[in-house]
Amino acid sequence: MTSLIIWFAVQLSQPATWSPEERQLLASLSLSSLQKLPADPSNHIADDLRAAKFGQQLFFDTRFSINGAVACATCHQPERRFADGLIRGVAIGQTDRNTPSVVGGAYSPWQYWDGRKDSQWSQALAPLEHPMEQGGNRLYYLRLVASFYKSTYEAIFGALPDLSDTNRFPLHAGPVDNADWRSNWLAMDTADQQTINRAFANLGKALAAYERRLLPGPSKFDDFVDSLGTKSVIFNAEEQAGLKLFIGKANCIQCHNGPLLTNHEFHNTGVETAPSELPDKGRIQGVRDVNLDEFNCRSTYADTAGHCAELQFARTGPELIGTMRTPSLRNLKNTEPYMHKGQLPTLIDVLRHYNEAPTAIIGHNEAKPLNLTLTELSQLEAFLHTLDAPIAAEDEWLTQPDLPQ
Amino acid sequence: MKYLLTLLLLSLTISLTHASDIAEVWTSKRIQISYQSALQPIAINKMHHWIIEIKTLDGLAVEDANVQVTGGMPAHNHGLPTSPQVTEHLGEGRYRVEGMRFHMNGQWEIRISVKRDGLDELVTIPLVL
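What counts as what
- Residues numbered from 1 in each chain as written.
- Chains lettered and ligands numbered in written order.
- Predicted model: local features only at pLDDT ≥ 70, side-chain atom pairs only at ≥ 80, totals over all residues.
- Heavy atoms only, no water.
- Helix = DSSP H or I, 4+ residues; strand = E, 2+ residues; numbered from the N terminus.
- Buried < 20%, exposed > 50% of the residue type's maximum accessible area, 1.4 Å probe, protein only.
- Contact = heavy atoms within 4.5 Å.
- Salt bridge = Lys/Arg side-chain N within 4 Å of Asp/Glu carboxyl O.
- Buried area = accessible area lost by both parts, 1.4 Å probe.
- Polar contact = N/O pair within 3.5 Å; in protein donor to acceptor, adjacent residues only side chain to side chain.
- Nonpolar A, V, L, I, M, F, W, Y, C, P; charged D, E, K, R; others polar.
- Pairing = 2+ DSSP bridges.
- Core = buried A, V, L, I, M, F, W, Y, C linked by side-chain atoms within 4.5 Å.
- 1 Å grid on protein atoms, 1.4 Å probe; cavity = no way out; pocket = protein on both sides within 12 Å on 5 of 7 lines; lining within 4 Å.
- Points joined across faces, edges and corners; volume = space filled by probe spheres on them.
- Disulfide = S-S within 2.5 Å.

Digging into the overall build of chain B
Then step 1. Tallying secondary structure elements over chain B gives one helix and nine strands in all.
Then step 2. Going from N to C terminus, chain B has its helices and strands arranged as α-β-β-β-β-β-β-β-β-β.
Then step 3. Burial status across chain B gives 39% buried among its 129 residues.
Then step 4. Contacts in chain B between residues at least 24 apart in sequence constitute 58% of all its contacts with a sequence separation of at least 6.

Right, here's the structure in full:
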């Protein structure tokens, strides 16, 4: 009996063996394989340090909301990996979906769960005018810029439009839900609307210049991959078993691939509809929205000159019904609950969901039942925790900066 | 002996060079298609373009055809993550297909539909990533 226990203990402490094919897969998941930050040709100031600092101020400045109490950072909290730990975001009101993390977003061609935005800068504009989020309008925000950030703005983008003529530029105007602000907007000259849109787009571009600096840092998993072939294997037996499952029979790597553990694509995995709601249409609606978006890559406000391969070759069709963008797995700690409506409270709930692969309410579930044991699910969970790591940005980017008064 | 070995190595080099020059060809009842990917080797999650060459079975270039490119993973019952399009007819039966991307490793199928004056063919190209 004693010898059996010793044999078992020795087995547990032995490193798992990894075939050349498995090692290749592991290397493909490591941050060491992450390509350098892709340029954003639609945002000419994406890598301008002054713009990033301005964007960081806007990100944390609660004056940029109609009630003066909400900023991007209300839902995208640095201490929660730039998510919020709620079922759905709560700003002025409750939002429609679970708050995704901003970290690593610069690598994705699409933003939001349904990809209805095709750049970080165009995404950043939407919450500013959403009645449940920051609830304002573009004229209101540009007047705030004129009051608090005029010189900062003008050093980066040139002259801020002169808004002193309130007949031409009402105090509140924008193509938003609020009927008064909307009718004010519709009464404006087209040329004036475009002037405002261009300046408003610049706020998004500054916000994106900040957000694209928020990237995941190396985790225990990355150290493990780098340690393969050396004597210091830093995963315990459970973590190694979980990793084997992840790249093997649990099929996780099918969608959670590449160094950010996401293929940035859209999948229907049969996640249950949120209580008392109709099923979420997902990407089938998102692809319509992004094609109609006034700030998309093809718009006059993008600095792209019409080179928009992602939009040009974006897939459409019924296969997209109920699909959502694959999230990265590098931001799991403190970001529960999970899924697009926050339907699943914990990681083990998510793993159980994939193990069962229930029939989708709309569209079809691409996943198939896994028939994993409870032990195997725990092993997967142990592995997923090895992906937790601090954000790879200096501290100064992770706290509220000084805001001009 | 040394002479023989040199000869052997030389012939091996020639045959290898020759092999890489011959593109693999997939056929339907009436046409044959070969392709060259601008991304070598093909990796997941990277948009790239292909040049495809379409000929009749007896080797005549198929020009000015309506070419549609679709595909997917049969085992997963899903399609490509993009909608590739022919963006240019390059002549001599060659077409530029842009917007190619694969988002998973595994067994893929690329289906190329070719239509032109009485020609209506579908060629399936298997691909393992």
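Past the structure itself, the notes keep going.
Observations concerning the pattern of salt bridges
As a working rule, side chains carrying opposite charge can pair if their charged atoms are close by.
Residues and elements named next belong to chain A.
Then step 1. Using the criterion set out here, one finds 27 salt bridges over all chains in the structure.
Then step 2. Between Glu 294 and Arg 138 there is a salt bridge; the shortest N-O distance is 2.9 Å. Of this pair, Glu 294 sits in the loop between helix 12 (283-292) and helix 13 (309-312) while Arg 138 sits in helix 6 (residues 138-148), and the two are 156 residues apart along the sequence.
Then step 3. You can call Arg 138 buried: its relative accessible area is 1%.
Then step 4. Lys 205 serves as the salt-bridge partner of Asp 303, at 3.1 Å between the closest nitrogen and oxygen. Of this pair, Asp 303 sits in the loop between helix 12 and helix 13 while Lys 205 sits in helix 9 (residues 190-211); the two residues are 98 residues apart in sequence, bridging distant segments of the chain.
Then step 5. Bridged by salt links that share partners, the residues Arg 88, Arg 97, Asp 114, Arg 116, Glu 277, Asp 280 and Lys 341 form one connected network.

Description of the interface of chain A and chain B
Then step 1. Facing 22 residues of chain A, the contacting portion of chain B comprises 22 residues.
Then step 2. Three residues, Gln 254, Phe 313 and Arg 315 of chain A, lead the burial of chain A against chain B; their summed loss comes to 36% of the area buried on that side.
Then step 3. In this structure, the connection of chain A to chain B is made through two salt bridges.
Then step 4. Two residues, Arg 101 of chain B and Glu 310 of chain A, come together in a salt bridge whose shortest N-O distance is 2.8 Å.
Then step 5. Our enumeration of links across chain A and chain B arrives at 11 residue pairs in polar contact (both at pLDDT 80 or more).
Then step 6. Tallying contributions element by element places helix 13 of chain A first for the side of chain A that touches chain B, with three residues.
Then step 7. Here the residues of the side of chain A that touches chain B are counted per class, giving seven nonpolar, nine polar and six charged.

Considerations on the side chain of Thr 95 of chain A
All names here are of chain A.
Then step 1. Tracing the backbone through its elements, the reader meets Thr 95 in the loop between helix 4 (72-75) and helix 5 (120-129).
Then step 2. From its side chain, Thr 95 meets the backbone oxygen of Arg 97 in a polar contact 3.0 Å long.
Then step 3. Not counting chain neighbours up to four residues away, the residues in contact with Thr 95 comprise Arg 88, Gly 89, Met 132 and Glu 133.

So, unusual backbone geometry
Then step 1. Cis geometry is found at the peptide bond from Glu 336 of chain A to Pro 337 of chain A, where omega equals 0°.
Then step 2. Mapped onto the secondary structure, Pro 337 of chain A falls in the loop between strand 2 (324-325) and helix 14 (347-356).
Then step 3. Following Gln 40 of chain B, the chain continues into Pro 41 of chain B via a peptide bond in cis, with omega recorded as -10°.
Then step 4. Relative to the assigned elements, Pro 41 of chain B resides in the loop between strand 2 (31-37) and strand 3 (48-56).
Then step 5. Residues other than glycine seldom take positive phi values, yet Asn 251 of chain A does so here, at roughly 65°.

Observations concerning the pairing of strand 4 (residues 66-73) of chain B
Residues and elements named next belong to chain B.
Then step 1. When strand 4 meets strand 8 (residues 107-116), the two strands line up antiparallel, connected through seven bridges. By the bridge assignment, Asn 66 is partnered in strand 8 with Lys 115.
Then step 2. Pairing analysis gives two bridges linking strand 4 to strand 5 (residues 78-79), with the strands arranged antiparallel. For Gly 72, the partnering residue across the bridge sits in strand 5 and is Gly 79.
Then step 3. Hairpin connection between strand 4 and strand 5: a loop of four residues separates the two successive antiparallel strands, and Asn 77 in this loop has a positive phi of roughly 60°.

Some remarks on the side chain of Asp 48 of chain A
All names here are of chain A.
Then step 1. The residue Asp 48 is located in the loop between helix 2 (20-29) and helix 3 (49-60) in this model.
Then step 2. On the basis of relative accessibility, which here comes to 18%, the residue Asp 48 falls in the buried class.
Then step 3. In contact with Asp 48, other than residues within four places in its own chain, are Ile 156 and Ala 209.

A closer look at the nonpolar core
Residue and element names in this part refer to chain A.
Then step 1. Counting 52 residues, the largest nonpolar core has Phe 54, Phe 82 and Leu 203 as the members making the most contacts within it.
Then step 2. For this core, the element with the highest residue contribution is helix 9, accounting for 10 residues.
Then step 3. Setting aside its immediate chain neighbours within four residues, Leu 203 contacts Phe 54, Leu 58, Tyr 141, Leu 142, Val 145 and Tyr 153.
Then step 4. Grouped together as the second largest cluster of nonpolar side chains are 33 residues, Phe 224, Leu 228, Phe 235 and Ile 253 included.

Some details on empty space enclosed by the protein
Then step 1. Using the criterion set out here, one finds two cavities of 30 Å³ or more in the structure.
Then step 2. Considered as a void within the structure, the largest cavity measures approximately 70 Å³ in volume.
Then step 3. Lining the largest cavity are 13 residues, with Trp 110, Glu 265, Arg 283 and Arg 315 of chain A together with Pro 81 of chain B sitting closest to its centre.
Then step 4. For the lining of the largest cavity, a count of residues per class yields seven nonpolar, one polar and five charged.
Then step 5. By volume, the second largest cavity amounts to about 30 Å³.
Then step 6. In terms of lining residues, the second largest cavity is bounded by Leu 58, Phe 64, Leu 128, Leu 203 and Leu 207 of chain A.
Then step 7. Broken down by class, the residue content of the lining of the second largest cavity amounts to five nonpolar, no polar and no charged.

Here we look at the state of the cysteines
Residue and element names in this part refer to chain A.
Then step 1. Here the structure, examined in full by the defined rule, presents one disulfide over all chains.
Then step 2. Each sulfur of the disulfide joining Cys 297 and Cys 308 lies 2.1 Å from the other. The disulfide joining Cys 297 to Cys 308 has a torsion of about -90° about its S-S bond and is therefore left-handed. Of this pair, Cys 297 sits in the loop between helix 12 and helix 13 while Cys 308 is found in the loop between helix 12 and helix 13, placing the two residues 11 residues apart along the sequence.
Then step 3. Overall, the relative accessible area of 6% leaves Cys 308 in the buried class.
Then step 4. Looking at the unpaired Cys 72, the closest cysteine sulfur is the one in Cys 75, lying at 9.1 Å.

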